[in-house]
Structures are given as structure tokens and as C-alpha cells.
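Letter by letter, the chains look like this.
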Amino acid sequence: MSASTTPPANTPAPAPGERPGPLAGAPSARLPVLAEVVRSGFTEGGHRGSVVVLGPDGGVEWSLGEVAAPVYPRSSNKPMQAAAVLHAGLELSGERLALAAASHSGEPFHLELVRTMLAEHGLAEDDLGCPPDLPLDREEADRFLAAGSRPSRTAMNCSGKHTAMLAACRVNGWSGADYLDPGHPLQTLVRERIEAAAGEPVAHTGTDGCGAPLMAISLTGLARAFRSFVLAGAGTPERRVADAMRAHPEYVAGTRREDTHLMRGVPGALAKVGAEAVQAVALPDGRALAIKIDDGGLRALGPVLARTLARMGVESPALAEIGDAPLLGGGRRVGEIRATF
């Protein structure tokens, strides 16, 4: 069963700016400003957060902010969830395995493969536990609506993961009706794989936006998890997930997404974004990073990610694309969000 999100009656009130309950970390005011919002030469705000970088040996090379307190990685946990379905005996590879670890954009090739996978495993869209939604990508959502389509479970960005989870239940004879219950055998296996990869216990379990159990670990643990995937032995479930994601990044994200640009532009990189501005990346030499923008501002994530990779010595034209976050005024560029470190 998941831990309660309601603190006991005698729990002291959190200090201003501090997260309540089990996820309490550094008060927001003490976290460093990682990105500033500069409009017309005037700094009008900033985004605080935390960054951790691991060296080739797996030790913390440098960090900013709070990197030991648990956070919800959101969809950055998806590689571990995908590895769990392989450990459960589900056979997936190539684009199908990449889609199992995806927050897809809802482009036609994503939706077609989700429907194909459902049919291959004798499943229907209504079996999916994720909610109906529009495609994650704004351009795709506009096209989707213009074609007369309505929000659907397959269009929801987590539908590949949910399809794989249900298929794993079919393979094992587990109930599919309650596959999102934290106590379900599949979710128990997910927890085990997250803890094994992160090298630390799950600190808290909540519910993600797609309805799946959401398991909290530290940013350092998240970076360790990604590092373990790229360094895993050939043929292991973890390495198979990493290889599928890196070979088919457009299925992990989409044709216009930063994870795709990064995995295409930096050979051997494994990358996965999560909601509320979480990002994890591992490089093939064992270096890894994890980022959390405290206010969930995704607009700051690209500049912070690009700066972190540059400080790690990564050189690629993809960094300029990922790091560019313009501010518009009257339809023209009048400023930018830029990293401060």
C-alpha cells in the first residue's frame, strides 16, 4: 500500500517556502536561482532549483541546491518502469520498448504503434488506466482537434507505458483491473527496480498524472539510476531499455522535443524529462546528471540542462537548440531565460 500523503496531526507546520510532509527538503528560498528571466534587459524573475552531476566513478562531482532529499521524478522514472515489464517476462524491443518508456508527443506514428501494441496483446483502449487526453505536443493537439478527434487514452502521453504494463500483466496472469494499485505485483516489481537502480529506498509513493504509482527518490539517486542503465551489461533489461531509447528517441518523446534532440545530438546519451521540470541524463562514459526546477517551470529546464552539459564538457550543436528559451513581446524576441551558473 502507498504511504499516506496526509501528515500526522502532531506534525509541525512547515516553514514558509518548505515542502510539507515526507518530501520536505531545503526551503525554496535557500535553493539557488538556476535561471533568470531577462526581458528587455531587465531581470524580472528567476527559477530556483537543484542540480547534481556524477563523475565517471559514480561519485558526486558537483551539485547545486538540495540533491539528497527525495523528489518525485515523474516521467523520469519511466526507464525503470519499462525495465520492470521486461523483468516481468514481457518481450519488447526496438520502437515498442522505447514507447514503453515514453512521454510521447501524440504524433500519428506514436498513436499507430500504441494501437498496434494493444491489438498484439489482446487489449482495448478502454483497458488503459491512463485518462483521456490530447496529444502533448501543441502542434499535434491542434491537428488532432482540427481532424475532429476527441481526447483519448491512446493520445495521452503515457499510453505506451500503460500498454506495456497491461501486457506484462497478461503474460503473468495478473489482474489488469487493478494494475495501478501500488500493491499490485507489477508495481511491487517497479519499486524493486527503482530502488535497485537508484541505490536507495523509495521514500514516498503517490499518484502520477497518468494514474500510475509515483515513487520518490533523491536527485542523486535518479542520476545513479540513469548511470546504471547505460553501464548495464549487454542484454540485461536495463541495457535493453537504454539501447532502445537511444536508438529510437523520437518514440520516447517526439520529433520536436528536447529529449530527442539530445539523444540524437550527443551520441550515447540517455535522457528523459519529467513533469514539474525534472530531467535526468546519463552519458556513455558513466557520467550522469539530474535536475529539478523547484517551481516546476519547464521553460527554465532547457537553459539549465544545456549549461550543465556544457560544464560537463559536452560539445554538440544540440545544446544551443536545447538551451534557447526566448521571451517574446509583440511577436518578436525581446529577451530570454538564461542559466545563471
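Small disclaimer: the values here were computed from a predicted structure and weren't measured.

**Comments concerning the overall build of the chain**
Then, in step 1: A count of helices and strands for the chain gives 12 helices and 11 strands.
Then, in step 2: On the principal axes, the C-alpha backbone points of the chain span a range of 60 × 50 × 40 Å.
Then, in step 3: Put simply, the chain has 341 residues, and 53% of those count as buried.
Then, in step 4: Long-range contacts, defined as pairs at least 24 residues apart, comprise 61% of the intrachain contacts of the chain with a sequence gap of at least 6.
Then, in step 5: When the accessible surface of the chain is summed, it comes to about 13900 Å², and 51% of that surface belongs to carbon and sulfur atoms.
Then, in step 6: Side chains of the chain carry 33 positive and 38 negative charges; the gap between the two charge centres is 3 Å.

**Points about the side chain of glutamine 187**
Then, in step 1: Mapped onto the fold, glutamine 187 is located in helix H6 (residues 185-198).
Then, in step 2: For glutamine 187, the side chain forms a polar contact with the main-chain oxygen of tyrosine 179, separated by 2.9 Å.
Then, in step 3: Among residues more than four places away in sequence, those in contact with glutamine 187 are Met165, Tyr179, Leu180, Asp181, Pro182, Pro213 and Met215.

**Some thoughts on the sheet that holds strand E6 (residues 213-218)**
Then, in step 1: The strand order across the open sheet built from three strands is E4-E6-E5, with neighbouring strands paired in antiparallel fashion. What marks the edges here is a single partner per strand, and that holds for strand E4 (70-71) and strand E5 (204-207).
Then, in step 2: Here E5 pairs with E6 via four bridges, running antiparallel. Bridge pairing in E6 places threonine 205 opposite methionine 215.
Then, in step 3: Its contacts with the sheet put H6 on E5 and E6, and the angle it makes with E6 is roughly 15 degrees.

**Describing the environment of leucine 136**
Then, in step 1: Mapped onto the elements, leucine 136 comes out in the loop between helix H3 (108-120) and helix H4 (138-146).
Then, in step 2: Separated by 33 residues in sequence, leucine 136 and serine 103 have C-alpha atoms that sit 8.2 Å apart.
Then, in step 3: In this structure, leucine 136 is in contact with Ser103, His104, Ser105, Asn157 and Arg257, ignoring residues within four places of it in sequence.

**Considerations on the pattern of salt bridges**
Then, in step 1: In total, this model carries 21 salt bridges according to the counting rule given.
Then, in step 2: With a shortest N-O distance of 2.9 Å, glutamate 44 and arginine 39 are connected by a salt bridge.
Then, in step 3: Between aspartate 142 and arginine 138 there is a salt bridge whose closest N-O contact spans 3.5 Å. With aspartate 142 and arginine 138 both in helix H4, this residue pair falls four residues apart, about one helical turn.
Then, in step 4: Several salt bridges share partner residues, and in doing so they unite Glu36, Asp324, Arg333, Glu336 and Arg338 into one network.

**Describing the nonpolar core**
Then, in step 1: Core analysis: the biggest nonpolar cluster contains 100 residues, and Leu92 and Leu309 have the highest contact counts within it.
Then, in step 2: Per element, the largest residue contribution to this core is seven residues, and it comes from helix H7 (residues 219-231).
Then, in step 3: Apart from residues no more than four positions distant in its own chain, leucine 92 is found in contact with Val85, Leu86, Leu97, Ala100, Met117, Ala164 and Arg240.

**What to know about the packing of aromatic side chains**
Then, in step 1: Evaluation of the coordinates by the stated rule reveals two aromatic pairs.
Then, in step 2: Measuring from ring centre to ring centre gives 6.3 Å for tryptophan 62 and phenylalanine 341, while their planes differ by 55 degrees; the resulting arrangement is tilted. Residue tryptophan 62 is found in strand E3 (residues 60-64), and its partner phenylalanine 341 is found in the segment after strand E11 (332-339); the two are separated by 279 residues along the sequence.
Then, in step 3: Note on phenylalanine 341: relative accessible area 18%, which makes it buried.
Then, in step 4: Ring centres 4.9 Å apart and planes at 75 degrees place the aromatic pair phenylalanine 109 and tyrosine 251 in the edge-to-face group. Residue phenylalanine 109 is located in helix H3, and its partner tyrosine 251 is located in helix H9 (residues 249-252); the two are separated by 142 residues in the primary sequence.

**Re the packing of H3 against helix H5 (residues 159-172)**
Then, in step 1: For the pair H3 and H5, interaxial distance at closest approach is 10 Å and the crossing angle is 10 degrees. Classified by the angle between their axes, H3 and H5 sit roughly parallel to one another. Where H3 abuts H5, its residues Val114, Met117 and Leu118 lie against Ser159, Gly160 and Thr163.
Then, in step 2: Considering only residue class, the contact of H3 with H5 consists of three nonpolar, three polar and no charged.

**Some points on helix H10 (residues 258-265)**
Then, in step 1: Those residues of H10 not exposed but buried are Asp259, Thr260, His261, Leu262 and Met263.
Then, in step 2: Each element contacted by the buried residues of H10 is listed here: helix H8 (237-247), H9, strand E7 (270-274), strand E8 (278-282), helix H11 (301-311) and helix H12 (317-323).

**Remarks on helix H1 (residues 78-87)**
Then, in step 1: Taking burial as the measure, the 10 residues of H1 include nine buried ones, the bulk of the element.
Then, in step 2: Phi turns positive, to about 105 degrees, at glycine 89, one or two residues after H1.

**A short note on the confidence of the model for the chain**
Then, in step 1: Mean pLDDT over the chain: 93, with 92% of residues reaching 70 or higher.
Then, in step 2: A low-confidence stretch, residues 1-22 (pLDDT under 50), is modelled with 22 contacts involving residues beyond four sequence positions or located in other chains.

Cut-offs applied
Residues numbered from 1 in each chain as written. Predicted model: local features only at pLDDT ≥ 70, side-chain atom pairs only at ≥ 80, totals over all residues. Heavy atoms only, no water. Helix = DSSP H or I, 4+ residues; strand = E, 2+ residues; numbered from the N terminus. Buried < 20%, exposed > 50% of the residue type's maximum accessible area, 1.4 Å probe, protein only. Contact = heavy atoms within 4.5 Å. Areas by Shrake-Rupley, 256 points an atom, 1.4 Å probe, with all protein chains shown as cover. Lys, Arg positive; Asp, Glu negative; His and termini not counted. Charge placed at Lys NZ, Arg CZ, Asp CG, Glu CD. Polar contact = N/O pair within 3.5 Å; in protein donor to acceptor, adjacent residues only side chain to side chain. Pairing = 2+ DSSP bridges. Axes fitted to C-alpha atoms, helices over the stretch in contact; angles between N-to-C directions. Salt bridge = Lys/Arg side-chain N within 4 Å of Asp/Glu carboxyl O. Core = buried A, V, L, I, M, F, W, Y, C linked by side-chain atoms within 4.5 Å. Phe/Tyr/Trp six-rings, centres within 6.5 Å; stacked < 30°, edge-to-face > 60°. Parallel < 35°, antiparallel > 145°, perpendicular 65-115°, else oblique. Nonpolar A, V, L, I, M, F, W, Y, C, P; charged D, E, K, R; others polar. pLDDT = per-residue confidence, 0-100.

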